[in-house]
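# A structural walkthrough
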Amino acid sequence: MTATPETASPAAGRTYEVKTYGCQMNVHDSERLTGLLEDAGYVAAAADQQADVVVFNTCAVRENADNKLYGNLSHLAPVKAANPGMQIAVGGCLAQKDRSTITQKAPYVDVVFGTHNIGSLPVLLERARVQEEAQVEILESLEVFPSTLPTKRDSAYAAWVSISVGCNNTCTFCIVPSLRGKEKDRRPGEILAEIEALVAEGVSEITLLGQNVNAYGVEFGDRQAFSKLLRACGEVEGLERVRFTSPHPAEFTDDVIEAMAETPNVMPQLHMPLQSGSDKVLKDMRRSYRQSKFLGIIERVRAAMPEAAITTDIIVGFPGETEEDFLATLDVVRAARFAGAFTFQYSKRPGTPAATLPDQITPDVVKDRYERLVEVVNEIAWDEGKKLVGRQVELMVSEGEGRKDAATHRLSGRGPDNRLVHFEADFSAVEVSAGSTAVGVRPGDMVTVTITYAAPHHLVADGPVQAVRRTRSGDAWERRTAAPPAAAGVTLGMPAIGVPAPLPDAPACR
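Treat the numbers as computed from the prediction; the structure is a model and nothing was measured.

Per-residue pLDDT for the chain has a mean of 87; in total, 88% of the residues score no lower than 70. Counting interchain partners and residues more than four positions distant, the pLDDT-below-50 stretch residues 1-8 has one contact.

Time to look at the pattern of salt bridges. In this structure the tally under the stated criterion is 29 salt bridges. Note that Glu 321 is salt-bridged to Arg 369, the shortest N-O span being 3.0 Å. With Glu 321 in the loop between strand S13 (309-316) and helix H12 (323-336) and Arg 369 in helix H13 (residues 363-386), this pair connects stretches of sequence that are 48 residues apart. Note on Glu 321: relative accessible area 3%, which makes it buried. Note on Arg 369: relative accessible area 6%, which makes it buried. One salt bridge in this structure joins Asp 331 and Arg 334, with 4.0 Å as the shortest N-O distance. A residue pair is termed a helical-turn pair when its members lie 3 or 4 positions apart in one helix, as Asp 331 and Arg 334 do in helix H12 at three residues. Arg 334 gets classed as partly exposed once you look at its relative accessible area, which sits at 43%. Linked through salt bridges whose partners overlap, the residues forming this network are Glu 321, Glu 323, Asp 368, Arg 369 and Arg 372.

Right, let's get into the packing of helix H11 (residues 291-304) against H12. Remark: H11 packs on H12, axes separated minimally by 10 Å, with the N-to-C direction vectors making an angle of 10°. Considering the angle they form, H11 stands roughly parallel to H12. Residues Gln 291, Phe 294, Leu 295, Ile 298 and Arg 302 of H11 form the contact with H12, whose participating residues are Ala 328, Val 332, Ala 335 and Ala 336. A class-by-class count of the residues in the contact of H11 with H12 yields seven nonpolar, one polar and one charged.

By the criterion of burial, strand S3 (residues 53-58) is predominantly enclosed, with six of the six residues buried. With burial as the criterion, each face of S3 is covered, one bearing Val 53, Val 55 and Asn 57 and the other bearing Val 54, Phe 56 and Thr 58. Relative to S3, strand S1 (residues 15-20) runs parallel, the two being bridged by five bridges. Within S3, the residue paired with Val 18 across the bridge is Val 55. Sheet analysis places S3 next to strand S4 (residues 87-92), joined by six bridges and oriented parallel.

By size, the foremost hydrophobic cluster in this structure holds 54 residues, and its most contacted members are Ile 195, Leu 208, Phe 226, Leu 230, Phe 252 and Val 301. Setting aside its immediate chain neighbours within four residues, Ile 195 contacts Val 161, Ile 206, Leu 208, Cys 233, Val 236 and Leu 239. Listed in part, the 23 residues of the second largest apolar core include Ala 45, Leu 73, Ala 106 and Leu 179.

Under the definition given, this model contains five aromatic pairs. Their ring planes at 80° and their centres at 5.5 Å tell us that Tyr 216 and Phe 220 sit as a pair that is edge-to-face. Among the aromatic residues, those joined into a cluster by ring pairs are Tyr 289, Phe 294 and Phe 338.

The subject of this paragraph is the sheet that holds S13. Each strand in a sheet pairs with its neighbour through backbone hydrogen bonds, running either in the same direction (parallel) or in the opposite one (antiparallel). The three strands are arranged S12-S13-S14 in an open sheet whose pairing can be described as parallel. Only two strands of the sheet have a single neighbouring strand rather than two, namely strand S12 (269-271) and strand S14 (340-345). The average undirected angle you get between the axes of adjacent strands in this sheet is 10°. Bridge count between S12 and S13: three bridges; the pairing is parallel. The partner of His 271 across the bridge, within S13, is Thr 311.

How each quantity is defined
- Residues numbered from 1 in each chain as written.
- Predicted model: local features only at pLDDT ≥ 70, side-chain atom pairs only at ≥ 80, totals over all residues.
- Heavy atoms only, no water.
- pLDDT = per-residue confidence, 0-100.
- Contact = heavy atoms within 4.5 Å.
- Salt bridge = Lys/Arg side-chain N within 4 Å of Asp/Glu carboxyl O.
- Helix = DSSP H or I, 4+ residues; strand = E, 2+ residues; numbered from the N terminus.
- Buried < 20%, exposed > 50% of the residue type's maximum accessible area, 1.4 Å probe, protein only.
- Axes fitted to C-alpha atoms, helices over the stretch in contact; angles between N-to-C directions.
- Parallel < 35°, antiparallel > 145°, perpendicular 65-115°, else oblique.
- Nonpolar A, V, L, I, M, F, W, Y, C, P; charged D, E, K, R; others polar.
- Pairing = 2+ DSSP bridges.
- Core = buried A, V, L, I, M, F, W, Y, C linked by side-chain atoms within 4.5 Å.
- Phe/Tyr/Trp six-rings, centres within 6.5 Å; stacked < 30°, edge-to-face > 60°.

Shown next as structure tokens:
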């Protein structure tokens, strides 16, 4: 039915922009926020247009999160003053933590909502507009699992699928459990139904998402629920790639390793957060594993999947960390041979047990250790990448990951191990099918290339593409881009490094 002026949505014609900061959970939540807004009648603002509604989906993990938010809000204050109908909303982890103090520091904010009630955003915006006063709604626990909400996916060919929200761990540096609550698990049937629906739409890669994916099943009492879910994903016809993030070493079991190795569409890639290589620091962090257990997991993963690329998270400068403790971390990095690592300088967060620990490390010592760690991590990642030179790899062509692609005349894609590869757009060696005059690829299609060069954070494949496999995902991308152009609904606050982007994760999300 066509809406008349009397029945049209109050949001009809109003534009929006969502700015996202933080981990994959926030990115996926923003996909839901854009879906909710468009379902309510809002339209994505063009890149050169000031949106009528600006939504900040925030992170509370790092110390500069507060400064970043309030700095961005202050920049919008004069814009809003000149446009009285404009609305500003703040959600996510920082909103859950700061609550009403946001409107005290930035009284021009119209809506504050928490991690447990993102579905309330359209109603809160309308209420704020009608009542002409700020609306603050923070729920203490989840009422509706977020996956039941409308979602506008960033990618036509790869998608996040939440299997759980919240976390039952008590890491002393982490504020996330207090903001996202205890773990809540979805039933396997619901997860698989969502995956099958995504595949039917053209998606061929999914990433199972949770604060601690390998604890999945704790709520309904099945300790092997996650490995069973991985195997069930292997039965979904048309699903080519399955990834997951992130597991916790304390609960990583051999049945998961077996499921990864024995399920063809589960990719040979593992992100396993280390945080520290020192047993003393791990104990102070309340991470319930030690160096030997972590390295034992890595050893068993490599025995089952020799080609697996393993990445990690590491924090330096945790309170009480000595030079000896730091050197133990370097020892684990050298033994584990990580393909990459997200490295962080410890960030003191009020409300966490670690914030009150004695022996806080001075910034100059933390910076020195951080720089030494990054040097070792990059050296090892580069050495591991060099082992792939000369090897043929099938890539899923990605969109927007090669920032210099236009200048270098390359395209970009991800290998099964999730390494980023920039490849030459030379299709001269590819056989052209009957009735065609040229070969081309779209995001979501598959190409086979030979690696010619390695760098610490990417690989290069110069020379002709050996094979092209056009896919349903490429078709889906083509259908999406054939529609009238619209601005992307989610503007990330940090560089994208995957589709869906495995962002530089906040360490507290582990």
